[in-house]
Amino acid sequence: MCSGGCAKCLGISLLPLAVLCVLANILLFFPGGKVAEDSTHISDEVWYFGGILGAGVLMIFPALVFLGLKNNDCCGCCGNKSCGERFAMFSSIIFAAIGFVGAGYCFIISAIAINKGPKCQNQSGNWTYPFNNGDYLGNSTLQQECVNPKDIIPWNLTLFLLLLLMSGVQAVLCAIQAINGLMGTLCGRCKSGCCGGDGPV
Ligand SMILES: *[C@@H]1O[C@H](CO)[C@@H](O)[C@H](O)[C@H]1NC(C)=O
């Protein structure tokens, strides 16, 4: 099982994903790539800040904590020195849980947004959600129901899909670190192998 060094590479992967999620969420505030005439024209799911808060800001803390675990692998704690490193691995479980919740929030919001479809102006001129349960996906006849903003369907679909994928990866990485932190806390394997030499098995 990996340990501190592994946590570091998890942290390094989480940071750019968090930045990209924030960017994707910001782009969603510009339906079809344009400034909205009215903030009520933007889909509700964009205002839930899944990418900015969930997969973005909330992910900064776990990512930084994981980055700092580099020198706290399980060998350090089960060897002869202090068990402060053990506590560090334990606290990383809590941060992994925070990250998992943030990423999970973004994941769920994105899935709902894709299923529901964007808010747009229909052929009668009203601003509504013309679609139900993803029926617009792959039905170009139905997609013509959205008249304005232009390209709102591919715009929202692409960005929410990216958010879905990136927050899904973040959730998996946080789950890995939760297991990793648990192993590091319990120090199950330290007596054999990894404590003898230069690092984790
Ligand atoms: C697309 O939606 C229209 C309108 O609801 C429906 O009549 C048509 O059967 C759908 N086409 C496909 C391929 O599902």
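Use the structure listed above.
This one's a predicted model, so the numbers in the text were calculated from it and none came from an experiment.

**A few points about the overall build of the protein**
Scanning the protein for helices and strands turns up 8 helices and 2 strands. For the protein, the N- to C-terminal ordering of α and β elements is α-α-α-α-α-β-β-α-α-α. Expressed as a percentage of its 201 residues, the buried residues of the protein come to 43%. Contacts spanning at least 24 positions in sequence make up 73% of the contacts within the protein whose residues lie at least 6 apart.

**Observations concerning the pattern of salt bridges**
Here the structure, examined in full by the defined rule, presents 2 salt bridges. Note that Lys150 and Asp151 form a salt bridge whose closest N and O atoms lie 3.7 Å from each other. Residue Lys150 is classed as exposed on the basis of its relative accessible area of 57%.

**Re the packing of helix 3 (residues 50–67) against helix 7 (residues 152–186)**
Interaxial distance between helix 3 and helix 7 falls to 11 Å at its minimum, and their mutual angle equals 30 degrees. By the angle between their axes, helix 3 is roughly parallel relative to helix 7. When you trace helix 3 past helix 7, the crossing you get is left-handed. Seen from helix 3, the contacting residues are Gly51, Ala55, Met59 and Phe66; seen from helix 7, they are Leu163, Ser167, Gln170, Cys174 and Gln177. When grouped by side-chain class, the residues that make up the contact of helix 3 with helix 7 number 5 nonpolar, 4 polar and no charged.

**Observations regarding helix 3**
Bending of helix 3 peaks at approximately 45 degrees at the position of Met59, with proline Pro62 no more than four residues after it. Looking at helix 3, one finds that the buried residues are Gly50, Gly51, Ile52, Gly54, Ala55, Gly56, Met59, Pro62, Ala63 and Phe66.

About the cut-offs
- Residues numbered from 1 in each chain as written.
- Predicted model: local features only at pLDDT ≥ 70, side-chain atom pairs only at ≥ 80, totals over all residues.
- Heavy atoms only, no water.
- Helix = DSSP H or I, 4+ residues; strand = E, 2+ residues; numbered from the N terminus.
- Buried < 20%, exposed > 50% of the residue type's maximum accessible area, 1.4 Å probe, protein only.
- Contact = heavy atoms within 4.5 Å.
- Salt bridge = Lys/Arg side-chain N within 4 Å of Asp/Glu carboxyl O.
- Axes fitted to C-alpha atoms, helices over the stretch in contact; angles between N-to-C directions.
- Parallel < 35°, antiparallel > 145°, perpendicular 65-115°, else oblique.
- Left-handed = near helix turned anticlockwise from the far one by under 90°.
- Nonpolar A, V, L, I, M, F, W, Y, C, P; charged D, E, K, R; others polar.
- Bend = angle between axes of the 7 residues up to and from the residue.

In short, geometric facts, not functional conclusions.
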